[in-house]
Amino acid sequence: MGKQGLYELLPPPPVTLGMEGSGVIEAVGEDVKERKVGDRVIMLIRSGMYQEVVVVAAGNTFPMPEQMSFEEGAALPVNYLTAYLMLFESANLKPGKSVLVHMAAGGVGVAVTQLCQTVPDVTVFGTASASKHEIISQGGVTHPIDYRTKDYVEEVRKISPNGVDIVLDPLGGSDTQKGFSLLKPLGMLIVFGAANCVTGQKKNLLAMAKTWYNQLSLSMLKLMQTNKGVCGFHLGYIPDEQLIIRTMGKLLELYSQGKIKPRIDSCYHFEEATDAMKRMHERQNIGKVILLPEAKKEEVVPKSNPEPVENVEKTEAAANEKKEETTEEVKAEG
Ligand SMILES: NC(=O)c1ccc[n+]([C@@H]2O[C@H](COP(=O)([O-])OP(=O)(O)OC[C@H]3O[C@@H](n4cnc5c(N)ncnc54)[C@H](OP(=O)(O)O)[C@@H]3O)[C@@H](O)[C@H]2O)c1
């Protein structure tokens, strides 16, 4: 959305994108006591992270657990803070509840699924393309639904005639209406995006108008009589820094306990950023797409070995292999 000028918190162009990242501190300001040169940190800011070296306030850095890779560190803050705050602060997720999450194979969807598993007996309904169902099922989605070929409202009702307790809606428009209709009494619908506005390469005013026209419209009386709750969530508008720091602390603890683990879809070097954007835009990713600041190394094919070199550059396995090398090369300045 930022790329198409639809993220209102982003400064106007020229602007460097990137809200989150990870790296090693190269220098600290005189008054900074809580961080030191050499610390491995995760960073969360509003924009500017697509750079080799960044300057961020110490308060926007979070120490990385030793066993966490830089790729995982960069993948964690936005997706997991969003998922955690929606599930546990806004929706007050409890044992035995059911959750419908759209874009279940996306970064937030994966985070929501993992966090739901930290609470006993939570049922997760997740919409995603059929090709992604096996992976999201393995990740913990109880009922994957192919929204492209099936009516997800009918599919949910077949399994749970009374609907669900929590709906997480990043789509907007008519999907918000459907989400509201699926809520059980005392259920909570959380609207946290408007992905239906993004359809092609460029800003699509028609899709935006359609999404706006079809949005959920309610009277307070109807809200009261249906016993349902509707709430919005936008990480960028949370002014409580202490809440972010506390929640990051909880997330890093969950990571250290092995209860959550960011899923890295693929890694691209800075000069391949267009390919990374294309992968997301074409909806191919399952989990997070990562940008690596170091330049791509030339592939050297030994003359004595005519065998083709297998291109494993963009697989998750390769990302893990690259962990050591990245540890040395990713740099950030606190
Ligand atoms: N409010 C906040 O604070 C906040 C924070 C983070 C993210 N968000 C929002 O949450 C949403 C998910 O973010 P993410 O980072 O998890 O996304 P992502 O990783 O890029 O996931 C995108 C996936 O969602 C699926 N999808 C379904 N309908 C889509 C549509 N209309 N447009 C694009 N993709 C669609 C596609 O998979 P299929 O193959 O299954 O279709 C696509 O691959 C975005 O709308 C984002 O703006 C909001």
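Where an unreviewed UniProt entry is consulted, the chain appears under the name Synaptic vesicle membrane protein VAT-1 like, with the organism given as Dissostichus eleginoides.

Participant: Is there a simple way to explain the overall build of the chain in this structure?
Facilitator: Counting its regular elements, the chain contains twelve helices and twelve strands. The 334 residues of the chain split such that 38% are buried. Taking all contacts inside the chain whose residues are at least 6 apart in sequence as the whole, residues at least 24 apart take part in 64%.

Participant: How should I be thinking about the site of the ligand in this particular structure?
Facilitator: Around the ligand, the surrounding shell holds 25 residues, and the nearest of these are Met103, Gly106, Ser129, Gly193 and Leu235. Mapped by element, the contributors of at least two residues to the shell around the ligand are helix 2 (77-90) and helix 3 (107-116). Here the element with the most residues in the shell around the ligand is helix 3; it accounts for three residues. In terms of residue class, the shell around the ligand is built from 14 nonpolar, nine polar and two charged.

Participant: Help me understand unusual backbone geometry in this model?
Facilitator: What is expected of a backbone is that most residues other than glycine have negative phi and most peptide bonds are trans. Residue Pro14 is reached from Pro13 by a cis peptide bond, and omega for that bond is 0 degrees. Along the chain, Pro14 turns up in the segment before strand 1 (20-25). Look at Leu186: it is not a glycine, yet its phi comes out positive at around 70 degrees. Here Leu186 is to be found in strand 8 (residues 183-191).

Participant: For this particular structure, what's the right way to read the nonpolar core?
Facilitator: General note: in soluble globular proteins, nonpolar side chains tend to be found buried as a group. Core analysis: the biggest nonpolar cluster contains 75 residues, and Val99 and Leu168 have the highest contact counts within it. Discounting residues that sit within four places of it in the chain, Leu168 has contacts with Met86, Val99, Leu100, Val101, His102, Val112, Ile190 and Phe192.

Participant: Help me understand the sheet that holds strand 9 (residues 229-232), please; the structure alone is not making it clear to me.
Facilitator: The strands making up a sheet are joined through hydrogen bonds of the backbone, oriented either antiparallel or parallel. Taken in spatial order, the six strands make up an open sheet running 6-5-4-7-8-9, and their pairing is parallel. Whereas interior strands pair on both sides, the edge strands pair on one side only; in this sheet they are strand 6 (143-145) and strand 9. Averaged over all pairs of adjacent strands, the angle between their axes in this sheet comes to 15 degrees, without regard to strand direction. As paired strands, strand 8 and strand 9 are joined by four bridges and run parallel to one another. Following the sheet pairing, Ile190 is matched in strand 9 by Cys231. Contacting strand 4 (98-101), strand 5 (123-127) and strand 7 (164-169), helix 3 crosses the sheet at an angle of about 170 degrees to strand 5.

Participant: Looking at this structure, I do not really get the packing of helix 2 against helix 3. What am I missing?
Facilitator: In the contact formed by helix 2 and helix 3, the axes pass within 8 Å of each other and the chain directions differ by 50 degrees. On the basis of the axis angle, helix 2 is oblique to helix 3. Viewed along their axes, helix 2 and helix 3 form a crossing whose handedness is right-handed. Packed against helix 2, whose contacting residues are Asn79, Tyr80, Thr82, Ala83, Tyr84 and Leu87, the element helix 3 presents Gly107, Val108, Ala111, Val112, Leu115 and Cys116 at the interface. Residues that form the contact of helix 2 with helix 3 fall into these classes: nine nonpolar, three polar and no charged.

Participant: Looking at this model, I keep getting lost on the pairing of strand 8. Mind explaining?
Facilitator: Here is the key point about a regular strand: its side chains alternate between the two faces of the sheet. Across five bridges, the pairing between strand 7 and strand 8 is parallel. Looking at strand 8, one finds that Asp169 is bridged to Val191. In terms of handedness, the path from strand 7 via helix 6 (residues 174-182) over to strand 8 forms a crossover that is right-handed.

Participant: Explain the packing of helix 2 against helix 9 (residues 241-256) to me, please; I cannot follow it from the model alone.
Facilitator: Axes are the key here: two packed helices are described by the angle between their axes and the distance separating the axes. Interhelical geometry of helix 2 versus helix 9 gives an angle of 100 degrees and a closest axis separation of 10 Å. When the interaxial angle is binned, helix 2 and helix 9 end up roughly perpendicular. Listed contacts from helix 9 to Pro77, Tyr80, Leu81, Tyr84 and Leu85 of helix 2 are Ile244, Thr247, Met248, Lys250 and Leu251. Class assignment for the residues of the contact of helix 2 with helix 9 results in eight nonpolar, one polar and one charged.

Reading the values: the criteria
Residues numbered from 1 in each chain as written. Predicted model: local features only at pLDDT ≥ 70, side-chain atom pairs only at ≥ 80, totals over all residues. Helix = DSSP H or I, 4+ residues; strand = E, 2+ residues; numbered from the N terminus. Buried ≥ 20, exposed ≤ 12 C-beta atoms within 10 Å, placed from the backbone. Contact = placed C-beta atoms within 7 Å. Near = placed C-beta within 6 Å. Nonpolar A, V, L, I, M, F, W, Y, C, P; charged D, E, K, R; others polar. Core = buried A, V, L, I, M, F, W, Y, C linked by C-beta atoms within 7 Å. Pairing = 2+ DSSP bridges. Axes fitted to C-alpha atoms, helices over the stretch in contact; angles between N-to-C directions. Parallel < 35°, antiparallel > 145°, perpendicular 65-115°, else oblique. Left-handed = near helix turned anticlockwise from the far one by under 90°. Right-handed = clockwise from strand over helix to strand, strands pointing away.

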